[in-house]
Amino acid sequence: MSDATSVSLGGETVKATAAKFTMAAIGFLGTIVFARALGPTGFGGYYLLFSLVKIADRAVNGWGTAVKKRYSEADAPSGELIGSQGLFTLVWMALAVVVAVITSNRLVSYTGLPEAPILFVLLLFAVTLFEPLDLIVQARGRVGASMWTDTLRSVLTFPIQLGLILIGFGAAGMAYGLAAATFLTVPVLWYFVRTRPVAPSRETVASLWSYARYSIPNSFLGQAYDRFDIILLGYLLAPAAAGHYEVALKLTVPATFVTMAASSGLMARVSRRHSEGETLGTDVSNTLSFTSIIAIPMFFGAVAMPERLVVTLFGSEYAAAATLLVGLAAYQIAKTQAGVLTSVLYGIDRPDVNTRISALTLAINVALGVALTLAYGAIGVVVATVVAETLRYALSAVVVKRELSTVVLFPRTFGEQLAAGLVMFAVIVPLERAATIDHWYQLLAIVALGAAVYGLTLAAISRKLRVTIRGVVRSSRLELW
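Keep in mind the model is a prediction, meaning the values are calculated, not measured. (Residues numbered from 1 in each chain as written. Predicted model: local features only at pLDDT ≥ 70, side-chain atom pairs only at ≥ 80, totals over all residues. Heavy atoms only, no water.)

(A) Broad picture of the pattern of salt bridges. One pass over the structure, following the stated rule, counts 11 salt bridges. Two residues, E403 and R350, come together in a salt bridge whose shortest N-O distance is 3.0 Å. Taken together, the residues E403 in helix α16 (residues 378–403) and R350 in the loop between α14 (322–347) and α15 (351–376) connect sequence positions 53 residues apart. Members of the salt-bridge network, linked through shared partners, are K54, D57, R58 and E131. (Salt bridge = Lys/Arg side-chain N within 4 Å of Asp/Glu carboxyl O. Helix = DSSP H or I, 4+ residues; strand = E, 2+ residues; numbered from the N terminus.)

(B) Structural view of the environment of M174. Position of M174 relative to the elements: it lies in helix α7 (residues 171–193). Accessibility expressed as a relative area gives 2% for M174, which makes it buried. For the pair M174 and G30, spaced 144 residues apart in sequence, the C-alpha separation works out to 9.9 Å. When near neighbours in sequence (up to four residues on either side) are disregarded, M174 contacts F34, L38, F43, Y46, Y47, Q161 and I165. (Buried < 20%, exposed > 50% of the residue type's maximum accessible area, 1.4 Å probe, protein only. Contact = heavy atoms within 4.5 Å.)

(C) Structural context of the side chain of R392. In this structure, R392 sits in helix α16. Residue class for R392 comes out buried when judged on its relative accessible area of 9%. Of the polar contacts made by the side chain of R392, one reaches the side chain of S358; its length is 3.4 Å. Discounting chain neighbours no more than four positions away, the residues touching R392 are Y225, A338, I357, S358 and T361. (Polar contact = N/O pair within 3.5 Å; in protein donor to acceptor, adjacent residues only side chain to side chain.)

(D) The arrangement of the packing of helix α5 (residues 116–139) against α7 in detail. Their axes nearest at 9 Å, the elements α5 and α7 cross at an angle of 25°. It follows that α5 is roughly parallel to α7 by the angle criterion. With respect to the hand of their crossing, α5 and α7 are arranged in left-handed fashion. Split by residue class, the contact of α5 with α7 holds 23 nonpolar, two polar and one charged. (Axes fitted to C-alpha atoms, helices over the stretch in contact; angles between N-to-C directions. Parallel < 35°, antiparallel > 145°, perpendicular 65-115°, else oblique. Left-handed = near helix turned anticlockwise from the far one by under 90°. Nonpolar A, V, L, I, M, F, W, Y, C, P; charged D, E, K, R; others polar.)

Okay, here's the thing in structure tokens:
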């Protein structure tokens, strides 16, 4: 059986990032179609429901993170670990069904979806089957397989959702479609796991609990932090405000693809090497060098033409989302750096540090978010999130540097990416102001030009990027042979 150190981290990251971009293309097309078809209220209502589902599945995800950590270690009892995950999921789902029945009226009134209780249970069951298996595939170092399976899920989700909406299911069709596609792709993940579940011993459960007692609250805190903005907007303002926020967020999501791909493999790799007493600084520094490589040009692009991006793609009824776009793009830069450091802390068996940092940043986000939203509207919650995420990065950086003194937190490559982003900004701003942009293909042409300028500039000034590309290509060729 392969482990996280027997595969190329760079190669797996490239494969996973390619999968993420494929997913993004499909998901982005779906976002445009569904946002226009359902309007801000219906579109926002679905994402309010989905936000609740993603908070409710955090216990299973947190236990799954503990399983991933132990699974990635040397001499792991793999069958027992998978058996423990199955038992935990069944117990949690039974509790969730009871809660959904008790709170059914509140779910309907909050989301505006009459079928909200049924959709909640169905979606929760789907994601609690999919996500833990996905984490185990990542624990084996197969990040590319994990991400491409998720891409297959996206490929299935879009046509199913579209068909259900066209025949009259409305926003509920998005929930039914996602659940159906998720159930269909669970067997694919199982193909990569192929380990027979075994009833866990007391020693295995105790080992998992020593980690899960931190990873479960971390998972709750992290998801509450990630989805707090949209939940708060739905509560203080309206589902339409949540719809505007979700549109702006969707435009910035590709910024995190490298981080999500690299961090998934890095956590397992760090865990394995840490359990064997090996050095870790090089892997972490290399990941920090490139984790913001997409986030930086997206930020400069958002600053250059926020309203053009939103209105051209989603229509004038989403114009209010333009004011949120720049702030969310800045947030993604901080998130890409902080996400790597969070994965490192998990890998070196310090989930307790992540718990404390998550609790503090969530508290700050809540306090600032409520105050600024009441004072300034939707932009207030975005400002609060930027402040909180910057603090998360700073605190994580201090601890990682203390634990791993050889890590370089501000690699030269990061500065080179900022320089390339500024060159791109200088090129597209006068072009955007002079050009007439009324259709999506005109906007796409300017975006493509900006990406080309950024990529060519970065390749010209960054020797490390050129060396890394050659190394990844070489390892990919070896894998093919």
